[in-house]
Amino acid sequence: QVQIEESGGGLVQPGESLKLFCVASGSVSRTWTMGWYRQAPGKQREAVATISNYGITRYSTSLKGRFTISRNNALNTIYLQMDNLQPDDTAVYYCNYETSGSRPTWGQGTQVTVSS
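Only a predicted model underlies this, so the values are computations on that prediction, with no experimental measurement involved.

Quick notes on the rules
- Every chain is numbered independently, its residues counted from 1 as its sequence is written.
- In keeping with the predicted nature of the model, local features appear solely for residues at pLDDT of at least 70, side-chain atom pairs appear and are counted solely at 80 or more, and the whole-chain, interface and lining totals rest on all residues.
- The side-chain values count all of the structure's non-hydrogen atoms but skip hydrogen atoms and water molecules.
- Two strands make a pair as long as DSSP finds a minimum of two bridges between them.
- Strands are runs of DSSP state E lasting at least two residues, helices are runs of H or I lasting at least four, and both sets are numbered from the N terminus onward.
- Working convention: axes come from line fits to C-alpha atoms, limited for helices to the stretch in contact. Angles between N-to-C directions cover 0 to 180 degrees.
- Pairs were defined over the aromatic rings of Phe, Tyr and Trp, the Trp ring being its six-membered one, requiring ring centres within 6.5 Å. Orientation was assigned from the angle between planes: stacked under 30 degrees, edge-to-face over 60, tilted for the rest.
- Only protein chains enter the accessibility calculation, which uses a 1.4 Å probe; a residue whose area is less than 20% of its type maximum is buried, one above 50% is exposed, and one in between is partly exposed.
- Throughout, a disulfide means two cysteine sulfur atoms within 2.5 Å of one another.
- Definition used for salt bridges: Asp or Glu carboxyl oxygen within 4 Å of a side-chain nitrogen of Lys or Arg.

(A) Expanded view of the sheet that holds strand β8 (residues 77–82). Across the sheet, four strands lie side by side as β1-β3-β8-β7; this open sheet has antiparallel pairing. Looking at strand neighbours, the two that pair on one side only are β1 (2–7) and β7 (67–72), the edges of this open sheet. Recorded for the sheet is a direction-independent mean angle of 15° between the axes of neighbouring strands. With six bridges joining them, β1 and strand β3 (residues 18–26) adopt antiparallel strand pairing. Looking across to β3, one finds that serine 7 is bridged to phenylalanine 21.

See below:
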């Protein structure tokens, strides 16, 4: 079984940056895809970015350029660097872990609020 824990959320002003952290623990496979998703109030959850253990990345077209996903395989950790944050980025950000043959595992989420 794998556990996912996110951290790094908070309250920032428009134009500021924030970095999110996601750690996978437990029976973590050597091959996986992990990603960040977000859900704003009243909206559906949407994909932000994903990364595999090999470093292959995918981004939401609208967010690429401001958000950067990265990983540290040795720590089973992925990161989301978010720059030039705007009020529309306000959401709960969830981390997801997937590996072949297993159901996706989700974290509890971390709140990001962008407000002046």
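Still more ground to cover, so stick around.
(B) Here's a closer look at the packing of aromatic side chains. Scanning the entire structure with this criterion turns up two aromatic pairs. For the ring pair phenylalanine 21 and tyrosine 79, a centre distance of 5.6 Å and an interplane angle of 85° mean the geometry is edge-to-face. Note that phenylalanine 21 is positioned in strand β3 and tyrosine 79 in strand β8, a separation of 58 residues in sequence. A relative accessible area of 33% means that phenylalanine 21 is categorised as partly exposed.

(C) Main features of unusual backbone geometry. For asparagine 76, which is not glycine, the phi dihedral falls at a positive 50°. Along the chain, asparagine 76 falls in the loop between β7 and β8. You can call asparagine 76 partly exposed: its relative accessible area is 22%.

(D) Structural view of the state of the cysteines. Counted by the stated rule, this structure contains one disulfide. In this model, cysteine 22 is linked to cysteine 95 through a disulfide, with the two sulfur atoms separated by 1.9 Å. Torsion about the S-S bond of the cysteine 22 and cysteine 95 cystine: about -80°, corresponding to left-handed handedness. You can see cysteine 22 sitting in strand β3 and its partner cysteine 95 sitting in strand β9 (residues 91–98), a full 73 residues away along the chain. As far as the burial class goes, cysteine 22 and cysteine 95 line up, both buried.

(E) Molecular detail of the pattern of salt bridges. In the structure shown here, the tally under the stated rule is three salt bridges. Note that aspartate 89 is salt-bridged to arginine 66, the shortest N-O span being 2.8 Å. Within this pair, whereas aspartate 89 is found in the loop between β8 and β9, its partner arginine 66 is found in the loop between β6 (57–59) and β7, the two being separated by 23 residues in sequence. Looking at aspartate 89, the relative accessible area reads 2%, which means it is buried. Counted as one network, the salt bridges with shared partners bring together Arg38, Glu46, Arg66 and Asp89.

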